Amino acid sequence: MITFSINGQEVGGEEGWTVLDVARWHGIEIPTLCHHEAMEPFGACRLCAVEVDDGRRTRVVISCMYPIREGIKVQTETPRVANVRRWIAQLLLDESPQAPNIQELAKSFGVTPSRFKKTGVESACHLCGLCIRACQEVVGVQALTFGNRGVLKEVTSPYHRRSQDCIRCGTCLYVCPTGAMEQIFPLVSSE
Ligand code: SF4
Ligand code: FES
């Protein structure tokens, strides 16, 4: 058992657990977007930011990927953490102003649409990778992948062809937090 503290409360977890795992185990709330218990962590959204003092320095880390260590001090609600989360929530809301999950998330941070919001877009893909991981890790097929790089990065099917691996189970649609998969699915799924 590894023991450390979250918000001053002594907590513990097993070797290999992340800060997010332990927080959830103890009922401590940390917001997430790209995380799902059934899948490997991916670290795409950074919404799960927390502040960690490891005895040498204090820094903001993403809790879904940060392995627990003996004696670290984790804070989940500092001003730095709140700033990071609000900034991410603002980006998400501006790109997906109509997605109910994102609206709810933004509301919980007191974030409203900014003047930079995208027009004509209801639910953008935030490249969280949940759909791809669900397809591979939960369903066990490789119907989805990331294509291109940088600003052109997108969710697509291997070789940009309709995937014959796709069994049209709809798991990707179910896990997508923005609804973007509803536009992608008809282009990549098997016919
Ligand atoms: S389509 Fe949805 S689940 Fe897939 S990466 Fe984009 S936002 Fe995430
Ligand atoms: S939930 Fe940790 S980076 Fe997305």
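The numbers attached to residues start from 1 for each chain and follow its sequence in the written order. Ligands are numbered from 1 and chains lettered from A, in the order in which they are written. Local features are withheld for residues below a pLDDT of 70 in this predicted model, meaning they are given only at 70 or higher, and side-chain atom pairs are given and counted only at 80 or more; totals for whole chains, interfaces and linings count all residues. Only hydrogens and water are set aside when side-chain values are computed; all heavy atoms of the structure are taken into account.

## Concerning the overall build of the chain
Turning to step 1, where the next piece is worked out: For the chain, the count of helices and strands is 6 helices and 7 strands.
Turning to step 2, where the next piece is worked out: A helix here means a DSSP run of H or I that spans at least four residues, while a strand means a run of E at least two residues long, and both kinds are numbered starting from the N terminus. Going residue by residue from the N terminus, the α and β elements of the chain occur as β-β-α-β-β-β-α-α-α-β-β-α-α.
Turning to step 3, where the next piece is worked out: Its C-alpha radius of gyration of 18 Å places the chain within 12% of the 16 Å reference for a compact globule of 191 residues.
Turning to step 4, where the next piece is worked out: On the principal axes, the C-alpha backbone points of the chain span a range of 55 × 40 × 30 Å.
Turning to step 5, where the next piece is worked out: Throughout this description, buried means an accessible area under 20% of the type-specific maximum (1.4 Å probe, protein chains only), exposed means over 50%, and partly exposed covers the range between. A burial count over the chain gives 45% of its 191 residues as buried.
Turning to step 6, where the next piece is worked out: Within the chain, contacts between residues separated by at least 24 positions form 50% of all contacts whose residues are at least 6 apart in sequence.
Turning to step 7, where the next piece is worked out: Summing over all exposed atoms, the chain offers an accessible surface of approximately 11000 Å²; the carbon and sulfur share of this is 50%.
Turning to step 8, where the next piece is worked out: Positive: Lys, Arg. Negative: Asp, Glu. His and the chain ends are not part of the count. Here the site of a charge means NZ on Lys, CZ on Arg, CG on Asp, or CD on Glu. In the chain, 20 side chains carry a positive charge and 21 a negative one; their mean positions are 8 Å apart. Just to be clear, the radius of gyration here is over C-alpha atoms, and the globule rule we use is 2.2 Å times residues to the power 0.38. The contact criterion used is simple: two residues touch if any of their non-hydrogen atoms lie within 4.5 Å. Note on areas: Shrake-Rupley, 1.4 Å probe, and residue coverage restricted to the protein chains presented here.

## Considerations on the site of ligand 1
Turning to step 1, where the next piece is worked out: Taken together, 13 residues lie around ligand 1, and Cys 125, Cys 128, Gly 129, Cys 131 and Cys 176 are the ones closest in.
Turning to step 2, where the next piece is worked out: Secondary structure elements with two or more residues in the shell around ligand 1: helix H4 (130–139) and helix H6 (181–188).
Turning to step 3, where the next piece is worked out: Of the residues belonging to the shell around ligand 1, the class tally is 10 nonpolar, 3 polar and no charged. Proximity criterion: a residue is near a molecule or strand once any of its heavy atoms comes within 4 Å of it. Any residue that is not Ala, Val, Leu, Ile, Met, Phe, Trp, Tyr, Cys, Pro, Asp, Glu, Lys or Arg is counted as polar, Gly included; the first ten are nonpolar and the last four charged.

## Examining the domain arrangement of the chain
Turning to step 1, where the next piece is worked out: Partitioning the chain into domains gives domain 1 (2–77), domain 2 (79–122) and domain 3 (130–188).
Turning to step 2, where the next piece is worked out: Computed from C-alpha coordinates alone, the two centres of domain 2 and domain 3 are separated by 24 Å. Marked domain ranges trace back to an automatic or database domain assignment.

## Some remarks on empty space enclosed by the protein
Turning to step 1, where the next piece is worked out: Residues are called lining when one of their atoms sits within 4 Å of a cavity or pocket point, these points coming from a 1 Å grid over the protein atoms alone, where a cavity is a set in which a 1.4 Å probe fits but cannot get out and a pocket is an open set with protein on both sides within 12 Å along at least five of seven lines. Grid points are joined across faces, edges and corners, and a volume is the space filled by probe spheres set on the points. Inspection of the entire model under this criterion finds 2 cavities of 30 Å³ or more.
Turning to step 2, where the next piece is worked out: Of the volumes computed, that of the largest cavity is approximately 110 Å³.
Turning to step 3, where the next piece is worked out: Lining the largest cavity are 14 residues, and of these Cys 135, Ala 143, Cys 166, Cys 172 and Phe 185 sit closest to its centre.
Turning to step 4, where the next piece is worked out: At the level of secondary structure, the elements contributing two or more residues to the lining of the largest cavity comprise H4, helix H5 (171–175) and H6.
Turning to step 5, where the next piece is worked out: In terms of residue class, the lining of the largest cavity is made up of 11 nonpolar, 3 polar and no charged.
Turning to step 6, where the next piece is worked out: Space inside the second largest cavity adds up to approximately 100 Å³.
Turning to step 7, where the next piece is worked out: Residue classes in the lining of the second largest cavity are distributed as 12 nonpolar, 3 polar and no charged.

## Considerations on the packing of aromatic side chains
Pairs of aromatic rings are described using the distance from one ring centre to the other and the angle between the two planes.
Turning to step 1, where the next piece is worked out: Aromatic rings from Phe, Tyr and Trp, with only the six-membered ring used for Trp, were paired whenever their centres fell within 6.5 Å, and each pair was classed as stacked if the ring planes differed by under 30 degrees, edge-to-face if by over 60, and tilted otherwise. Following the criterion strictly, the structure yields 2 aromatic pairs and no others.
Turning to step 2, where the next piece is worked out: Ring centres of Trp 17 and Trp 25 lie 5.6 Å apart, and the angle between their planes is 65°; this geometry places the pair in the edge-to-face category.
Turning to step 3, where the next piece is worked out: Residue classification places Trp 17 among the partly exposed residues on the basis of a relative accessible area of 24%.
Turning to step 4, where the next piece is worked out: On the basis of relative accessibility, which here comes to 63%, the residue Trp 25 falls in the exposed class.
Turning to step 5, where the next piece is worked out: Centroid distance Phe 42 to Phe 146: 6.0 Å. Interplanar angle 15°. Geometry classified as stacked. Taken together, the positions of Phe 42 in the loop between helix H1 (19–25) and strand S3 (49–53) and Phe 146 in strand S6 (residues 145–147) put the pair 104 residues apart, joining distant regions of the chain.
Turning to step 6, where the next piece is worked out: Overall, the relative accessible area of 33% leaves Phe 42 in the partly exposed class.

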